[in-house]
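Examining the three-dimensional arrangement
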Amino acid sequence: MKVDVNGARFHVEQRGDAGADVVAFVHLGGADWRYWRDQLDAFADAGWRAIAYSRRYAWPNDNAMRGDYSARVDADDLEALLAA
């Protein structure tokens, strides 16, 4: 699914019950949500709501570069995605 937050569009994959406690998977630089795809079903089967997303500039997202891109921007994006 696609989620729009903080002026950008993010690809998000999730598995498990919407009411379950959340575990969020954040990939390394040079990767994308697929880095965690094998873990999503395992965590969902264990009772978690498992979420993996592609960070702001990772595939398949197509967001314009920001001059202030930093770990703080990544953290703000994750916070907004979890709230959405």
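Bear in mind the structure is a predicted one, so any value in this text is a computation, not a measurement.

The rules behind each value
- Residues numbered from 1 in each chain as written.
- Predicted model: local features only at pLDDT ≥ 70, side-chain atom pairs only at ≥ 80, totals over all residues.
- Heavy atoms only, no water.
- Helix = DSSP H or I, 4+ residues; strand = E, 2+ residues; numbered from the N terminus.
- Rg over C-alpha atoms; globule rule 2.2 N^0.38 Å.
- Buried < 20%, exposed > 50% of the residue type's maximum accessible area, 1.4 Å probe, protein only.
- Contact = heavy atoms within 4.5 Å.
- Areas by Shrake-Rupley, 256 points an atom, 1.4 Å probe, with all protein chains shown as cover.
- Lys, Arg positive; Asp, Glu negative; His and termini not counted.
- Charge placed at Lys NZ, Arg CZ, Asp CG, Glu CD.
- Polar contact = N/O pair within 3.5 Å; in protein donor to acceptor, adjacent residues only side chain to side chain.
- Expected span 1.5 Å × (residues − 1).
- Core = buried A, V, L, I, M, F, W, Y, C linked by side-chain atoms within 4.5 Å.

**Quick notes on the overall build of the protein chain**
- Along the protein chain, the regular secondary structure elements total two helices and four strands.
- Starting at the N terminus and walking to the C terminus, you meet the elements of the protein chain as β-β-β-α-β-α.
- What you see for the protein chain is a C-alpha radius of gyration of 13 Å, in line with the 12 Å of a compact globule of 84 residues.
- Along the longest, intermediate and shortest principal axes, the C-alpha atoms of the protein chain span 40 × 25 × 20 Å.
- Taken over 84 residues, the protein chain has a buried fraction of 36%.
- In the protein chain, 64% of the contacts between residues at least 6 apart in sequence involve partners at least 24 apart.
- Surface accessibility of the protein chain: about 5100 Å² in total, with carbon and sulfur atoms responsible for 50%.
- Of note, the protein chain has its 10 positive side-chain charges centred 4 Å away from the centre of its 14 negative side-chain charges.

**A few points about the environment of R15**
- Relative to the elements of secondary structure, R15 occurs in strand β2 (residues 8–15).
- R15 sits 29 residues away from A44 along the chain, and the two C-alpha atoms are 5.6 Å apart.
- Beyond its immediate chain neighbours, meaning those up to four positions away, R15 contacts L40, D41, A44, W48, R49 and A50.
- Among the polar contacts listed, one links the side chain of R15 to the side chain of D41, at a separation of 3.3 Å.

**Things to note about helix α2 (residues 71–83)**
- Under the 1.5 Å per step criterion, the end-to-end length of α2 is 18 Å for 13 residues, consistent within 8% with the ideal 18 Å.
- If you follow the buried residues of α2, they end up packed against β1 (2–5), β2 and β4 (49–53).

**Observations regarding the nonpolar core**
- Counting nine residues, the largest nonpolar core consists of V3, V5, A8, F10, V12, I51, Y53, A80 and L81.
- For this core, the secondary-structure elements that each account for two or more residues are β1, β2, β4 and α2.
- When residues in this core are grouped by element, the largest group, three residues, is from β2.
- Excluding residues within four positions of it along the chain, I51 makes contact with V12, E13, Q14, V22, V23, A24, F25, L40 and L82.
- Of all hydrophobic cores here, the second largest spans six residues; its members include V23, F25, L40 and A50.

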